[in-house]
Amino acid sequence: MTISYQVENTNITNELLIQMYSTMLKIRMFEEKIIEVYPVQDMQCPVHLCIGEEAIAAGVCLNLKKEDYIFSTHRNHGHCVAKGSDMKLMMAEFYGKKTGYSKGKGGSMHMVDPENGILGTSAIVGGAIPLAVGTALASAMKKDGRVSAAFFGDGAAEEGTFHESLNFASLKKLPVVFVCENNFYATNSYISARQPHNDIAKKAESYLIPSVQIDGNDVVAVYEEARKAVERARAGKGPSFIECRTYRWKGHVGPDCDYEKGCRPKEELDVWMDRCPVKTFEDFILKNKSISEKELQQLKANIAKELDNAVSYGRTSPLPDDKELFEDVYA
Amino acid sequence: MPWTKVYLDKEDFEKASKLADQGLRGFTYRDAIKEALTQMLEKDESVFVMGEGIDDPGGTFGTTTNLHKKFGAERVFDIPIAENGMTGVAIGAALAGMKPVFVHMRVDFLPMCMDQIINHAAKWHYMFGGKVNVPLVIRSIIGRGWGSAAQHSQSLQALFAHIPGLKVVMPSTPYDAKGLLIASIEDGNPIIFIEHRWLYEQIGHVPEKIYTVPIGKGIVRKEGKDVTIAATSFMVYEAMKAAAVLEKDGINVEVVDLRTLKPLDEDIICESVKKTGRLIVADTGWKTCGIGAEVVATVAEKALKYHRRC
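These numbers come from a predicted model, not from an experiment. (Residues numbered from 1 in each chain as written. Chains lettered and ligands numbered in written order. Predicted model: local features only at pLDDT ≥ 70, side-chain atom pairs only at ≥ 80, totals over all residues.)

### Notes on the overall build of chain B
The test is simple: Helix and strand labels come from DSSP, where a helix needs a run of H or I of at least four residues and a strand needs a run of E of at least two; each type is numbered from the N terminus. A radius of gyration in this sense is built from C-alpha atoms; the matching globule rule multiplies 2.2 Å by the number of residues raised to 0.38. In this scheme the burial state of a residue depends on its C-beta neighbours within 10 Å: 20 or more other such atoms mean buried, 12 or fewer mean exposed, and anything in between means partly exposed; the C-beta positions come from the backbone. Placing C-beta atoms from the backbone, we regard two residues as in contact once those atoms come within 7 Å.
Within chain B, the regular secondary structure consists of 11 helices and 13 strands. For chain B, whose C-alpha radius of gyration is 19 Å, the value lies close to the compact-globule estimate of 19 Å for 310 residues. Viewed in the frame of its principal axes, chain B has a C-alpha envelope of about 55 × 45 × 40 Å. In chain B, which comprises 310 residues, the proportion classed as buried is 55%. If you take every contact in chain B between residues at least 6 apart in sequence, the share linking residues at least 24 apart comes to 79%.

In structure tokens:
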């Protein structure tokens, strides 16, 4: 069950295909770098890796402008990388350094990058969905043409904030795109233990929000649905909802595979690894001759170098001073 | 100053009406709040007001009546019954540069918003290294009426004062209500602005111009030498009445109106206790882990040596 990428009858250029790939690759290599350095135990914060889910961040964010807002969760690395955040400042934050995006006070769960439209990510499930509706409300009031996107998981669909946010966004026709990354698990709880059905898009439909359920590992499909949703939002036609079905390869938190602990069946992971969003797309663009093998290797080498620098910057940056503990409590 | 005086009732105010000769305007607490909102909506286009039923004829005890007509439903609007989610919406708008004022008819509705208030609004500036801030004012109303029962009569200020990142403001006079509300809207932090429902009819002098009262500063409402009563909100009036009664018994009471619970004006309390050597705290909330406990602890830490045995 592989992925058949459909680029016919779209305006997707070769250049865009390469952007999709390079964005996903960057996220994958960023996460793999964390796995590589984590055993040293000098990155002292929890990490929630998004390996296996890269196509969603890439497909959505490639439709957004720099000034558009995104809100995300504890599993935010991919979204931030895709939105244009500097991997060096992200790594510094993960190492708890004052040079990091949140001056070392947020860690991996709490990224902020206002220049790229990231006004803070929340580690409370469903917590940031209304914030995205709020920035969309501000955009509607200011008529600044910005679009807000909210990334969240399937677990968030059980929270009150999910329903409250969809209700209000639809009521006021706000320029927001809801992106549900349905990976079927909330930590180790399967969706059937938590929801009466697993068609999350149906919940959004009940709020009269245009909703689709798509293969979240298919970057082209995500890109195309996000394009329509962003256009709709920018045209003042209100919110859209995209349920992207996907799978998280690693455990809820940390660099390990949780099937080893008996959390989830290995067979399930194997099926989804065969549907790897990065590898299947790599095969596609090579076959499509969108990129040469040599260019591809160069791309990987460039990202690897950037990541080595990022880790080195993170490790060697200074820790915050003790006195900074009490700074920034109030603006 | 005339506007720092607490008028215990309308009769008292009328006695003081000679002050009108000085060009000072008498205004109710209700109208002071409404004027603060009106002037800030006029002055700053990033200000907007939202809340359940704020555009109905009652207008939140008369504090928002017809504002939606004056400023349009885009800037003054009714909302779904979704307190937590709508708090998040207000936070998001604030992050994008707006200055929302979220109005709740009762403080009893705020427990539903605790996730957004505590985990989001209060944390956002600190947790992101000061890169973003949340200029959000949450107005809410405390105090018992008749037969309002346990879910419509609480005074939950201490819950919020516990949380770093929040400021808690409780004006007692019309002058302070306007000045502190304007200061709150301009402050740039999430502020819990608490009004006691029995204060709306209170009259005091309120200047027409836009002015601010500093957040974090208490005020001595009545000077005295024998005992300090540190009071909050409506209890300032009760303290003034008690002071008048005790005066007849030769006990000279100093009344300190805390005005802001967080940050607490520790200096004004300690200075007063230094003088009187005795302290009573009068708050509308519960005793256990309450504002009273906090004020007493502050004095124990910083001014215990001035304690005088009765």
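### Considerations on the overall build of chain A
Each helix and strand in chain A was counted, giving 11 helices and seven strands. For chain A, the C-alpha radius of gyration of 19 Å lies close to 20 Å, the compact-globule estimate for 331 residues. When the backbone C-alpha atoms are referred to their principal axes, chain A occupies close to 55 × 50 × 40 Å. Across the 331 residues that make up chain A, the buried fraction comes to 53%. Taking the contacts inside chain A whose residues are at least 6 apart along the sequence as the reference set, 75% of them involve residues at least 24 apart.

### Some words on the domain arrangement of chain B
Residue and element names in this part refer to chain B. Rules: What marks off one domain from the next here is an automatic or database domain assignment. Three classes are used, and their members are as follows: Ala, Val, Leu, Ile, Met, Phe, Trp, Tyr, Cys and Pro are nonpolar, Asp, Glu, Lys and Arg are charged, and the others, Gly among them, are polar.
The domain architecture assigned to chain B consists of domain 1 (2-205) and domain 2 (219-301). Computed from C-alpha atoms alone, the centre-to-centre distance between domain 1 and domain 2 is 24 Å. For the side of domain 1 that touches domain 2, the elements supplying multiple residues, two or more each, are α7 (157-161), β6 (167-169), α8 (174-187) and β7 (191-196). Partitioned by chemical class, the residues of the side of domain 1 that touches domain 2 number 15 nonpolar, six polar and two charged.

### Digging into the sheet that holds strand β3 (residues 176-182) of chain A
All names here are of chain A. As a reminder of what qualifies: DSSP bridges decide pairing: two strands pair if at least two such bridges lie between them. With axes taken as lines fitted to C-alpha atoms, and helix axes fitted only over the stretch in contact, angles between N-to-C directions fall between 0 and 180 degrees.
With parallel pairing, the five strands of this open sheet are ordered in space as β1-β2-β3-β7-β6. Strands with a single pairing partner mark the edges of an open sheet, and in this sheet they are β1 (69-71) and β6 (211-215). Between one strand and the next, the sheet's axes are offset by a mean angle of 20°, whatever the strand orientation. Across six bridges, the pairing between strand β2 (residues 148-153) and β3 is parallel. Residue pairing for β3: F152 is matched across the bridge by C180. Sitting on the sheet, helix α2 (residues 54-61) touches β1, β2, β3 and β7 (240-245), and the angle it makes with β3 is about 165°. Its contacts with the sheet place helix α5 (residues 129-142) against β1, β2 and β3, and it is angled at close to 170° to β2.

### Some details on the packing of helix α1 (residues 14-37) of chain A against α2(A)
Residues and elements named next belong to chain A. Heads up, the rule is: Here roughly perpendicular refers to angles of 65 to 115 degrees, roughly parallel to angles under 35, roughly antiparallel to angles over 145, and oblique to all remaining angles. Handedness of a crossing is defined here by the sense of rotation of the near helix relative to the far one, left-handed for an anticlockwise turn of less than a right angle and right-handed for a clockwise turn.
The interhelical angle for the contact between α1 and α2, taken along N-to-C directions, is 135°, at an axis separation of 9 Å. As the angle between them shows, α1 and α2 are arranged oblique. As for the relative orientation of α1 and α2, their crossing is right-handed in sense. From α1, M20, T23, M24, I27 and R28 reach across to α2, where they touch E54, A55, A57, A58 and G59. For the contact of α1 with α2, a count of residues per class yields six nonpolar, two polar and two charged.

### Regarding the packing of α5(A) against helix α5 (residues 83-95) of chain B
Two elements in contact, α5(A) and α5(B), have axes whose closest approach is 6 Å; the angle formed by their N-to-C orientations is 50°. Classified by the interaxial angle, the pair formed by α5(A) and α5(B) is oblique. Remark: the crossing between α5(A) and α5(B) carries right-handed chirality. For the pair formed by α5(A) and α5(B), the contact residues are P130(A), L131(A), A132(A), V133(A), G134(A), T135(A), L137(A) and A138(A) on the first element and G85(B), G88(B), V89(B), A90(B), I91(B), G92(B), A93(B) and L95(B) on the second.

### So, the interface of chain B and chain A
Taken together, the contact pairs 35 residues of chain B with 33 residues of chain A. Elements represented by at least two residues in the side of chain B that touches chain A include exactly α5 and α6 (114-127) of chain B. Broken down by element, the residue count for the side of chain B that touches chain A peaks at 10 residues, all from α5(B).

### Looking at the sheet that holds β7(B)
If you walk across this open sheet you meet the seven strands as β3-β2-β4-β5-β7-β6-β12 (chain B), and the pairing is mixed. Whereas interior strands pair on both sides, the edge strands pair on one side only; in this sheet they are β3 (76-77) and β12 (260-262) of chain B.

### Focus on helix α9 (residues 235-248) of chain B
All names here are of chain B. Heads up, the condition is: One less than the residue count of a helix, multiplied by 1.5 Å, gives the span that helix is expected to have.
The first and last C-alpha atoms of α9 sit 20 Å apart over 14 residues, in line with the 20 Å expected at 1.5 Å per residue. All buried positions along α9 are accounted for by M235, V236, Y237, A239 and M240. Where α9 is buried, its residues meet β9 (219-222), β10 (227-231), β11 (253-257) and β13 (279-282). Directly after α9, the chain includes G250, whose backbone phi takes a positive value near 80°.

### Digging into helix α11 (residues 291-302) of chain B
All names here are of chain B. Rules: Throughout, the arc means the angular range of directions from the helix axis out to the C-beta atoms.
With 12 residues, α11 extends 16 Å between its outermost C-alpha atoms, agreeing within 8% with the 16 Å of an ideal straight helix rising 1.5 Å per residue. Taken together, the buried positions of α11 are I291, G292, V295 and V299. Considered in projection along α11, the buried side chains sweep an arc of 110° and stay on one side of the axis. Turned more than 90 degrees away from the buried face of α11 sit A297, A300 and E301, all of them exposed. Close packing links the buried residues of α11 with α7, β10, β12, α10 (266-276) and β13.

### With respect to unusual backbone geometry
All names here are of chain B. The linkage connecting K262 with the following residue, P263, adopts the cis geometry, with an omega of -5°. Within the fold, P263 resides in the loop between β12 and α10. One non-glycine residue with positive phi stands out, namely A149, at about 65°. With respect to the helices, strands and loops of the structure, A149 is situated in the loop between β5 (137-142) and α7. For A149, a count of 9 C-beta atoms within 10 Å corresponds to the exposed category.

### Notes on the environment of V212(A)
All names here are of chain A. With respect to the helices and strands, V212 occurs in strand β6. V212 sits 106 residues away from P318 along the chain, and the two C-alpha atoms are 46 Å apart. Setting aside residues up to four positions removed in sequence, V212 forms contacts with A201, E225, I242 and E243.

### Describing the nonpolar core
The tendency in soluble globular proteins is for nonpolar side chains to be buried side by side. As a reminder of what qualifies: For the purposes of this analysis, a nonpolar core is taken to be any set of buried Ala, Val, Leu, Ile, Met, Phe, Trp, Tyr and Cys residues that are connected through C-beta atoms within 7 Å.
A132(A), A150(A), V177(A) and V179(A) are the most contacted members of the largest nonpolar core, which totals 186 residues. When residues are assigned to domains, this core turns out to be shared by domain 1 (2-205) and domain 2 (219-301) of chain B, each giving three or more. Those residues in contact with V177(A), other than ones at most four positions away along the chain, are V147(A), A149(A), A226(A), A229(A), V230(A), A233(A), P239(A), S240(A) and I242(A).

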